[in-house]
Structures are given as structure tokens and as C-alpha cells.
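Coordinate analysis (summary)
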Amino acid sequence: MSEQPALITGIPAGLTVRGLDREQTPTADWLCSCRRHERATGRQAVQQLLARARTGACPHGAAA
């Protein structure tokens, strides 16, 4: 029996940002339409992720 990769269903692609209040560490999660997940923690890392995250088109196609 061969192992099959896990298939994630029911979770829509998109960007979620949390912790934008004072005295909180910002965290962002991005699930691309190709199902690649990226997490950024800290104000500068979140800003960089927000700058490159795209919805509707996968930027990973050229890199894959």
C-alpha cells in the first residue's frame, strides 16, 4: 500500500492577520490557492508577508 499525500479540504485560501493591538505580537497566516502555507510572526515579518501575498493567483507556480 502506498502512502498518499494529505488533501486539505474545507479550508479556503486567504490571509489572516492577528495581534495588531498594542502590546501584542502580530502574526499572519497565508494559505495560497496552491495550498502552500506560510506563517509570519513579528511586525516586520508580517509586513513582508502582506507585501507578497496574493489572492486568486498562485505566485509559487514559477518557483515549483
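If you're wondering where the values come from, they're calculated on a predicted model, not measured in any experiment. (Residues numbered from 1 in each chain as written. Predicted model: local features only at pLDDT ≥ 70, side-chain atom pairs only at ≥ 80, totals over all residues. Heavy atoms only, no water.)

**Overview of the pattern of salt bridges**
Under the definition given, this model contains three salt bridges. A salt bridge links Asp29 to Arg18; the shortest N-O distance between them is 2.8 Å. With Asp29 in strand S2 (residues 27-31) and Arg18 in strand S1 (residues 14-18), this residue pair connects regions lying 11 residues apart in the sequence. Assessed through its relative accessible area of 11%, Asp29 is described here as buried. Residue Asp29 pairs with Arg39 through a salt bridge whose shortest N-O separation is 2.7 Å. In this pair, Asp29 is assigned in strand S2 and Arg39 in strand S3 (residues 37-41), connecting sequence segments 10 residues apart. (Salt bridge = Lys/Arg side-chain N within 4 Å of Asp/Glu carboxyl O. Helix = DSSP H or I, 4+ residues; strand = E, 2+ residues; numbered from the N terminus. Buried < 20%, exposed > 50% of the residue type's maximum accessible area, 1.4 Å probe, protein only.)

**Considering the sheet that holds S3**
Across the sheet, which stays open at both edges, the three strands sit in the order S1-S2-S3 with antiparallel pairing between neighbours. Across the chains shown, the open sheet's two edge strands, defined by having one partner strand only, are S1 and S3. Neighbour-to-neighbour, the strand axes of the sheet open up by a mean angle of 10°, direction not taken into account. Alignment of S2 against S3, held across five bridges, turns out to be antiparallel. Paired with Trp30 across the two strands is Glu38, which belongs to S3. Strands in contact with helix H1 (residues 43-52) are S1, S2 and S3; relative to S3, the strand with the most contacts, it is inclined by about 145°. (Pairing = 2+ DSSP bridges. Axes fitted to C-alpha atoms, helices over the stretch in contact; angles between N-to-C directions. Contact = heavy atoms within 4.5 Å.)

Keep in mind these values describe shape, not function.
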